[in-house]
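Coordinates in review
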Amino acid sequence: MKSNIILSGVGGQGILTLASIIDIAALKHNLFVKQSEVHGMSQRGGAVQCHLRISDKQIYSDLIPEGEADLIVSAEPMELLRHMPYLKKYGWIITDSSTFENIVNYPEKHDLYKQIKTHCNHIIISAKNCAKELGNSKMCNMILLGAASGQLPIPEDFFMQAIRYFFREKSEKIITKNIEAFKAGQKKAKDFVEFVY
């Protein structure tokens with residue numbers, strides 16, 4: 001078993017937190033993990049990306065070659081499109097529908113969605129709006145994690161353990177809210193797939 005995942009977004013969207021929780025969940029499930037990350041001007045809205053490789057056997061490289069990603073999860077639709085060359089033909093793409101317009105010539109939202117929808121296995125959810133409904137817009141990453149969890153080789157219980165472990169120094173309320181966001185993401189993805197497919 002092997003799963004190659006790319007996580008992308010911009011600084012402040014919790015991409016590295018997302019990667020850490022997936023790492024913890026995979027390790028708790030006794031899998032091997034390799035991670036590589038790039039974060040330039042991330043504090044100023046610059047691009048952030050992680051290559052994450054999970055396997056039941058030893059992994060020797062932390063970089064995912066083009067055409068080998070099983071899954072791309074993005075907190076921003078244009079950042080998702082930047083990484084499309086890495087995706088396998090029948091891989092999955094999951095993105096928040098909210099944009100982070102940090103450049104002058106940012107494309108029209110509908111043009112971005114149209115490009116995303118050309119790929120057969122896609123999920124577009126309004127993670128930012130869902131997070132606001134839950135009371136904290138910073139939980140978009142947990143909603144995206146929940147949406148992506150069905151495409152990852154890790155049982156749900158290990159994600160619950162990983163979220164609890166990652167936020168162990170926070171209050172029980174914060175842990176509970178992040179678990180709630182994860183479950184909301186699972187439901188959003190299920191509803192999207194049932195509606196589209």
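All of the points below concern the structure found in this document.

Moving on, we come to the side chain of asparagine 4. Among the secondary structure elements, asparagine 4 is positioned in strand E1 (residues 2-10). Under the relative-accessibility criterion, asparagine 4 is labelled buried at 0%. For asparagine 4, the side chain forms a polar contact with the side chain of arginine 53, separated by 2.8 Å. Residues within four places of asparagine 4 in sequence aside, it is in contact with Leu52, Arg53, Ile64, Glu68, Ala69, Asp70 and Leu71.

Interaxial distance between helix H1 (residues 15-28) and helix H5 (residues 140-148) falls to 9 Å at its minimum, and their mutual angle equals 45°. Of the possible angle classes, the one that applies to H1 and H5 is oblique. As for the relative orientation of H1 and H5, their crossing is right-handed in sense. Every residue of H5 that contacts H1 at Thr17, Leu18, Ile21 and Ile22 is listed here: Asn141, Met142 and Leu145.

Listed as buried for helix H3 (residues 109-117) are Leu112, Tyr113 and Ile116. Seen along its axis, H3 keeps its buried residues to an arc of 95°; they face one direction. Projecting away from the buried face of H3 at angles above 90 degrees are the exposed residues His110 and Lys114. Those residues of H3 that are buried are in contact with helix H2 (77-82), strand E5 (87-96) and strand E6 (122-125).

Before going further, it helps to spend a moment on the pattern of salt bridges. Per the stated rule, a full pass over the model turns up 7 salt bridges. For arginine 82, the salt bridge is made with glutamate 79, and the minimal N-O distance between the two is 3.0 Å. Of the two residues, arginine 82 and glutamate 79 are both situated in helix H2; the distance of 3 residues between them amounts to about one turn of the helix. Under the relative-accessibility criterion, arginine 82 is labelled partly exposed at 47%.

This brings us to the layout of surface pockets. Its volume calculated, the largest pocket comes out at about 560 Å³. Lining the largest pocket we find 24 residues, and of these Asn136, Ser137, Lys138, Met139 and Cys140 sit closest to its centre. Every element with two or more residues in the lining of the largest pocket is listed here: H5 and helix H7 (172-196). Per-element tally for the lining of the largest pocket: the top contributor is H7, with 4 residues. Partitioning the lining of the largest pocket into residue classes produces 7 nonpolar, 12 polar and 5 charged.

Calculation rules
Residues numbered from 1 in each chain as written. Predicted model: local features only at pLDDT ≥ 70, side-chain atom pairs only at ≥ 80, totals over all residues. Heavy atoms only, no water. Helix = DSSP H or I, 4+ residues; strand = E, 2+ residues; numbered from the N terminus. Buried < 20%, exposed > 50% of the residue type's maximum accessible area, 1.4 Å probe, protein only. Polar contact = N/O pair within 3.5 Å; in protein donor to acceptor, adjacent residues only side chain to side chain. Contact = heavy atoms within 4.5 Å. Axes fitted to C-alpha atoms, helices over the stretch in contact; angles between N-to-C directions. Parallel < 35°, antiparallel > 145°, perpendicular 65-115°, else oblique. Left-handed = near helix turned anticlockwise from the far one by under 90°. Arc of directions from axis to C-beta. Salt bridge = Lys/Arg side-chain N within 4 Å of Asp/Glu carboxyl O. 1 Å grid on protein atoms, 1.4 Å probe; cavity = no way out; pocket = protein on both sides within 12 Å on 5 of 7 lines; lining within 4 Å. Points joined across faces, edges and corners; volume = space filled by probe spheres on them. Nonpolar A, V, L, I, M, F, W, Y, C, P; charged D, E, K, R; others polar.

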